[in-house]
Amino acid sequence: MSKQRIGKLVIKSTAEDSAPLDNAIQSLTALRGVGAKGAVRGTGGAVKVRQMDTTLKGLQKAKAALKAISIELDPYMDPKPLAPLYDKKKLEVPAEIQVDSAKFDFYVVPLGANLFVTKGVTVRSLRLNVVLDTKSGEGRRAVAQSIFPTTEYKQYAAVNLTAGLNASLGFDIPLKLNGLPWVKVADIDANIKAGFVFGPFEYSFKRCVVMGAGAGSFDINWAISKGDLLSGGDFDAWLVLKVPKGTKSISCQALMEAELSIPHFPFPRNEKRLTPPMDYDLSLS
């Protein structure tokens, strides 16, 4: 199945955002006019006019900075059925997965997102929330069997490493004899590679400090709190989808929440954007 977009998430200022600034500029401009008329009667009036001019310039700069905001997150999913991968890797299906396979199908889902941030805007933190199968009833809803990365991997906040999906459908980071993770897939022992039903793949925690939660649920969150990814770039994550048998398609909805620092604004701003539910045809896998 080819990559399917969940729906582009765009944060831009609206008329509602700029209304308080517009009102303040309008009011101060009117006051400045009155002050300018009185300025000829004394230096005190002239000082007040200069103070109002400085404030007006600050408000106008803040309005221009707010208008220039543009943050885009373009998440996508790429589901792949797992049953054929067990055969291809010649791996035995663990008993617990065999039992679940009587009622469920499993997919490994590479999930990515392309982030674009306008120069001058600082993203202090970013959250990507993905809600699965929004149109199905509770008993027929797809869930995430496992996800990567999760909060437990925050110990790898400054390294590049490899990870993979084991036969029990959990994500693992293989370690060397010295306890350090492998950096390159090409360097991993062949017997370690052979034990993964999907992967191994390379992952860079140097780009971001990311924490994830939602395994066993249809509601998944990844929060990025630090790193150069917040200035723009590609974010990668993985999940294993557990879908009731007979399901031909699922829907998915994404939310982006960003805490922003904007020039000429004294406090951070919090912005949220939500996509409409998007349908995925699993029968095309």
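From a predicted model like this one, the values you see are computed outputs, not experimental measurements.

Glancing now at the nonpolar core. Of all hydrophobic cores here, the largest spans 76 residues; its most connected members are F148, W222 and F235. In terms of residue count, strand β5 (residues 104-117) provides more of this core than any other element does, eight residues in total.

The next point concerns the sheet that holds strand β10 (residues 196-204). Spatially, the three strands line up as an open sheet ordered β9-β8-β10, and their pairing is antiparallel. A single partner strand is all that each edge strand has here, and the edge strands are β9 (171-172) and β10. Both strand β8 (residues 160-166) and β10 contribute to a ladder of six bridges, which runs antiparallel. Its bridge partner being in β10, L165 is matched across the sheet by F198.

This part is about the packing of aromatic side chains. By the definition in use, this model includes 12 aromatic pairs. Here the aromatic rings of F148 and Y153 are separated by 5.0 Å at their centres, their planes lie at 55 degrees, and the arrangement is tilted. You can call Y153 buried: its relative accessible area is 9%. Summarising the aromatic geometry, the rings of F148 and F205 are spaced 6.3 Å apart at their centres and angled 70 degrees between planes, so their arrangement reads as edge-to-face. Separated by 57 residues along the polypeptide, F148 in strand β7 (residues 143-148) and F205 in the loop between β10 and β11 (209-213) bring together distant segments of the chain. Its relative accessible area of 0% is what places F148 among the buried residues. Here F205 falls in the buried class, since its relative accessible area comes to 1%. Every member of this aromatic cluster is reached through a ring pair, and the members are F148, Y153, F171, F198, F201, Y203, F205 and W238. Above the plane of the ring of W182 lies K176, whose end atom (NZ or CZ) is 5.4 Å from the centre.

How each quantity is defined
- Residues numbered from 1 in each chain as written.
- Predicted model: local features only at pLDDT ≥ 70, side-chain atom pairs only at ≥ 80, totals over all residues.
- Heavy atoms only, no water.
- Core = buried A, V, L, I, M, F, W, Y, C linked by side-chain atoms within 4.5 Å.
- Buried < 20%, exposed > 50% of the residue type's maximum accessible area, 1.4 Å probe, protein only.
- Helix = DSSP H or I, 4+ residues; strand = E, 2+ residues; numbered from the N terminus.
- Pairing = 2+ DSSP bridges.
- Phe/Tyr/Trp six-rings, centres within 6.5 Å; stacked < 30°, edge-to-face > 60°.
- Lys NZ or Arg CZ within 6 Å of the ring centre and 35° of its normal.

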